[in-house]
Amino acid sequence: MKWMDYELPLGISITQHAPDAVDDFVEKGFRYFEVGIPACLEGQEPSQTPWRGRERTLVETKLPLVRRIFDHHLRVWSVHLPFGFGWDIAHYDEAERDAVCDSLKRVMDCTKDWGPRVYVLHGCLEPVLPEERAVRIARSIRSLRELDEYAAQFGARVALEDLPRSCLANSSVEARAMAQAAGNVPICFDVNHLLGETHGEFLRNLASNVVTTHLSDYDGVDERHWLPGEGIVPWKEVAWKLMDAGYRGPFLFELRAGKNGPYAAGEVLAAFERALME
């Protein structure tokens, strides 16, 4: 997609879509795909299902999507590692943290042949109590470093995603400190997770560290994952500051389904083009 003097590569988190939606996105110029691995099987409660040692079952639920991507002679750009109950890399209990990292490594083992450049990772499970924050940051940093080193053997990086509310990495200052302490892991910039600072402030601190994005709109009150232009994100500023900082990764969208289901490629592209013109 051409914008001003820049070429903006387009990407989509395809996780919620049916496999044939890949064809639609490719036709509209999307070349970068993120596939998210679920924390549990659909219809099951994570807290009641032991997934340790059964990670391949979770990964296999996404194989139809991946095969469709391969049909277009493309590869998976990023894999969103599982998050939620049972997947907390910042768990207060060190033995549980170790078990989570081992499980995430098995997910990497099951997805390495997809050729991802990035494994997107949440730095914690919320809520994070104030009295536990320092310890959980230390746990998260250790996990980030360990998992990034593991991903490196496949030619990939682990990217720390900025998160909202009480989560770890809920500001550019904290995200930068965690990323640096973990061996300078890169950042996945989720533009609808900023609840305590502006997009300009975040990018001033971290634009050069961003390796991939989660783009969507929101109201500034909580994450919403709306189409671009439906909320408060300053799209021109975000695009300009990323590109000006040397970012050449995909402008990858992570959207919740609309009232009629997951958005079609044409809807996403048209909304983004309108938002950049406003």
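Because the structure is predicted, anything quoted here is derived from the model rather than measured.

A. Quick peek at the pattern of salt bridges. Applying the stated criterion to the full structure yields 19 salt bridges. Measuring nitrogen to oxygen at the nearest pair gives 2.5 Å for the salt bridge that ties Asp-98 to Arg-97. For Asp-98, a relative accessible area of 30% gives the class partly exposed. With a relative accessible area of 0%, Arg-97 lands in the buried category.

B. Layout of the layout of surface pockets. By volume, the largest pocket amounts to about 910 Å³. Lining the largest pocket are 34 residues, with Thr-15, Ile-37, Pro-38, Ala-39 and Phe-83 positioned closest to its centre. Among the residues forming the lining of the largest pocket, the class breakdown is 14 nonpolar, 11 polar and nine charged.

C. Spatial organisation of the pairing of strand E3 (residues 10-13). Going residue by residue along E3, you find Leu-10 and Ile-12 tucked away on one face and Gly-11 and Ser-13 tucked away on the opposite face as well. Examined bridge by bridge, E3 and strand E4 (residues 30-36) share four bridges and lie parallel to one another. Each residue of the ladder has a partner; that of Leu-10, found in E4, is Phe-30. Following the chain from E3 across helix H1 (residues 21-27) to the adjacent parallel E4, one finds a crossover that is right-handed. In this structure, E3 lies alongside strand E10 (residues 251-253), joined through three bridges in parallel fashion. Following the sheet pairing, Leu-10 is matched in E10 by Phe-251.

D. Molecular detail of the environment of Ser-13. When you line up the elements, Ser-13 lands in strand E3. Spatially, the C-alpha atoms of Ser-13 and Trp-77 are 9.8 Å apart, while their sequence positions differ by 64 residues. The contact partners of Ser-13, leaving out residues within four places of it in the chain, are Glu-34, Leu-252, Phe-253 and Glu-254.

Scoring rules and cut-offs
- Residues numbered from 1 in each chain as written.
- Predicted model: local features only at pLDDT ≥ 70, side-chain atom pairs only at ≥ 80, totals over all residues.
- Heavy atoms only, no water.
- Salt bridge = Lys/Arg side-chain N within 4 Å of Asp/Glu carboxyl O.
- Buried < 20%, exposed > 50% of the residue type's maximum accessible area, 1.4 Å probe, protein only.
- 1 Å grid on protein atoms, 1.4 Å probe; cavity = no way out; pocket = protein on both sides within 12 Å on 5 of 7 lines; lining within 4 Å.
- Points joined across faces, edges and corners; volume = space filled by probe spheres on them.
- Nonpolar A, V, L, I, M, F, W, Y, C, P; charged D, E, K, R; others polar.
- Helix = DSSP H or I, 4+ residues; strand = E, 2+ residues; numbered from the N terminus.
- Pairing = 2+ DSSP bridges.
- Right-handed = clockwise from strand over helix to strand, strands pointing away.
- Contact = heavy atoms within 4.5 Å.

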